[in-house]
Amino acid sequence: MGEELEAREAVRDAYEAHYRRLVAALYALTGDHAEAQDLVQEAYARALARPRQFLDVADPEAWLRTVAMNLARTRWRRRRLFDTLVRSGRVARPVESVPGVDPNRVALVAALQQLSQATRETIVLHHLADMSVHEVADALGVPVGTVKARLSRGRAMLAALLSDADPDAAGPRRRPAVLPQRDVQEVRDAP
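Residues numbered from 1 in each chain as written. Predicted model: local features only at pLDDT ≥ 70, side-chain atom pairs only at ≥ 80, totals over all residues. Heavy atoms only, no water.

Some details on the pattern of salt bridges
- What the rule picks out here adds up to five salt bridges.
- A salt bridge links E61 to R21; the nearest nitrogen and oxygen atoms lie 2.7 Å apart. Of this pair, E61 sits in helix α4 (residues 60-87) while R21 sits in helix α1 (residues 2-30), and the two are 40 residues apart along the sequence.
- For E61, a relative accessible area of 12% translates into the label buried.
- Assessed through its relative accessible area of 34%, R21 is described here as partly exposed.
- Between E121 and R73 there is a salt bridge; the shortest N-O distance is 2.9 Å. Taken together, the residues span a long stretch of sequence, with E121 in helix α6 (residues 117-128) and R73 in helix α4 at a distance of 48 residues.
- Taking the relative accessible area as the measure of exposure, E121 reaches 6% and is therefore buried.
- Each member of the salt-bridge network shares a partner with another, and the members are R21, E61 and R65. (Salt bridge = Lys/Arg side-chain N within 4 Å of Asp/Glu carboxyl O. Helix = DSSP H or I, 4+ residues; strand = E, 2+ residues; numbered from the N terminus. Buried < 20%, exposed > 50% of the residue type's maximum accessible area, 1.4 Å probe, protein only.)

Quick look at the structure:
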């Protein structure tokens, strides 16, 4: 009984230490904050279902992230099947609602959604979950060179996607000041 209590306490400690970072990473991956919360909570529920096994895990955050990302992949496959059913006319699409969030995050998440799944996972783990290149490679089971290539391509694609974003939709991003043509002429003519 004491070991069971210790294991449950380990899950509770992991929740307090890692929950917010895991939700942020899954939000960037899925583009849906509620779904990110659900995925992370489901990962913790699986840890609570087997607390003694969770106690033996070397890196609890990595274990929880892996479980949550696998759940996200499963949901993505199901959603793809659902979209196929919607396109065929066999199922009607439900009305979606979007809660208010920071416009910069919305722009980032929208840009992330345009990347391939593999590139998006790599970007999210490295930049939002603060994992090193080697940790990302281990988590995804790919060579370090693949992670570096995905990061390079992903950053280039994000830069292009975010620079093309509507400045009003992207929030307080600042453009360089541009003087009206008459002011430029006055500056040139000044002594």
